[in-house]
There are 2 protein chains.
Amino acid sequence: MEREAALSLVKVQLTEHRYLHTIGVMETAITLAKRFGADDKKAETAAIFHDYAKFRPKDEMKSIIVEQGFPVDLLDYNAELWHAPVGAFLAKTEAGIEDKEVLDAIRFHTSGRPEMALLEKIIYLADYIEPGRHFPGVEDVRKLAEEDLDQALLQAIQNTIFFLMKKKQPVYPETFNAYNDLSQKIGGLTK
Amino acid sequence: MEREAALSLVKVQLTEHRYLHTIGVMETAITLAKRFGADDKKAETAAIFHDYAKFRPKDEMKSIIVEQGFPVDLLDYNAELWHAPVGAFLAKTEAGIEDKEVLDAIRFHTSGRPEMALLEKIIYLADYIEPGRHFPGVEDVRKLAEEDLDQALLQAIQNTIFFLMKKKQPVYPETFNAYNDLSQKIGGLTK
């Protein structure tokens, strides 16, 4: 889909603030795709649609998760997770996006998962470091993302887990699994 | 088993430093058991034997984990986890301890797990806060343990996860599950 057509579909779904965030994710995702050898057109599309479902009513999101066979344990965790799989579904059914890599990048951009594909990593990370993001630790991740996608992703996931745990909130197990997967591949396992 | 008989069985398995730690865990576990309504004699026995297998050769621990049907994914994670289930097995086979509550408290004293029993919580926590322990955060957990067993346990498990993640080390999934279980029961779940 052409960029302007995609953006116009998304803009009406979002607040102004969230639309500007989406533009930031798009630009960052394209940069990361070129840097790390991913398809930058797919990165653009996934980025544009990553928050497509962000402002759908919770009841609609719940219904889609159940009816479409997404893991129902999502409903036991923070509702912030729900818009990602629901967004993948709606990007397909409402916007006609069929590319599975793009849809998976939308689907897993909030939870992460083990064995993430290159495009999934790029969208997760772009969402975390786009220029509109300002929170403790983001600058460290931006620096890592200049050179090493997996190190940057590991740091971003770790920061996310710390953020939730400091508030004593539950963490979706697939996010833990994403951390463990990356840390076992690139971190310091000592036996 | 009488305390002195149990201690003499354990002492020959441990270094001086680890034996003194064990005494600290024993005294702390008895205090916690009385405070939170557990069987203080069971707490004493579990505490005495909690590190029984600490210095067994890794190959022996691996064999026992495989042969006794303990989860073999333990072998993919830090070897510090192994002595706990192996200790439960050896406390039974070498020291004749049959009480399942005691054996489970030994077995899960390092990893934790969801739905921990009262005695399991007490041994996990006593191991963390006994007077010989000196590390950042332990004093906060000691204070919590004066009033609220679950809050103290949640904080101890969180500290343990943070400690590993700051080193980018993998975290055994049951430890994450223990955190999620407690945080969902007593923490701040927001949907």
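Please read these numbers as outputs of a predicted model, since none were measured by experiment. Once a new chain begins, its residue numbering starts again from 1 and follows that chain's sequence as written. For naming, the first written chain is A and the first written ligand is 1, with later ones following in the order written. Totals for whole chains, interfaces and linings use all residues, but because this is a predicted model, local features are given only for residues with pLDDT of at least 70 and pairs of side-chain atoms are given and counted only at 80 or more. Only heavy atoms go into the side-chain values, all of them from the structure, while hydrogens and water stay out.

**Here's the deal with the overall build of chain A**
- When helices and strands are tallied, chain A shows 10 helices and 0 strands.
- Values of the radius of gyration come from C-alpha atoms, whereas the globule rule sets the reference at 2.2 Å times the count of residues to the power 0.38. In terms of overall dimensions, chain A is globule-like: its C-alpha atoms have a radius of gyration of 16 Å, near the 16 Å expected for 191 residues.
- By its C-alpha atoms, chain A is 50 × 35 × 30 Å across when sized along the principal axes.
- Note on classification: 1.4 Å probe, protein chains only; a residue is buried when its accessible area is under 20% of the maximum for its type, exposed when over 50%, partly exposed between these limits. Out of the 191 residues belonging to chain A, those deemed buried represent 55%.
- Long-range pairs, those at least 24 residues apart, make up 61% of the contacts in chain A with a sequence separation of at least 6.
- All accessible areas in this document rest on Shrake-Rupley with a 1.4 Å probe, and a residue is counted as covered only by the protein chains that are shown. Approximately 8400 Å² of chain A is accessible, and the part contributed by carbon and sulfur atoms is 51%.
- The positive count covers Lys and Arg only, the negative count covers Asp and Glu only, and His and the chain ends enter neither. For charged residues, the charge sits on one atom: NZ in Lys, CZ in Arg, CG in Asp, CD in Glu. Considering chain A, the positive charge centre built from 24 side chains and the negative charge centre built from 31 side chains are found 4 Å apart. Elements are defined by DSSP. Helices are runs of H or I of four residues or more, strands are runs of E of two residues or more, and each kind is numbered from the N terminus. Two residues form a contact once any of their heavy atoms are found within 4.5 Å.

**Some details on the pattern of salt bridges**
Residues and elements named next belong to chain B.
- Think of a salt bridge as a Lys or Arg side-chain nitrogen and an Asp or Glu carboxyl oxygen that are within 4 Å of each other. On inspection of all chains with the given rule, the structure shows 32 salt bridges over all chains.
- Lys42 serves as the salt-bridge partner of Asp99, at 2.9 Å between the closest nitrogen and oxygen. Taken together, the residues Asp99 in the loop between helix 5 (83-93) and helix 6 (100-107) and Lys42 in helix 3 (residues 40-49) connect sequence positions 57 residues apart.

**A word on the relation of the copies chain A and chain B**
- Copies overlap after least-squares fitting; the atoms used are the C-alpha atoms of residues with pLDDT of at least 70 in both. Here chain A sits on chain B after a turn of 180 degrees about the axis and a move of 0.0 Å along it, with an RMSD of 0.0 Å. Within this description, the copies of the chain are treated as partners about a two-fold rotation axis.
- Counting the interface residues of chain A, we find that 100% of their copies in chain B are interface residues as well, pointing to one common contact surface.

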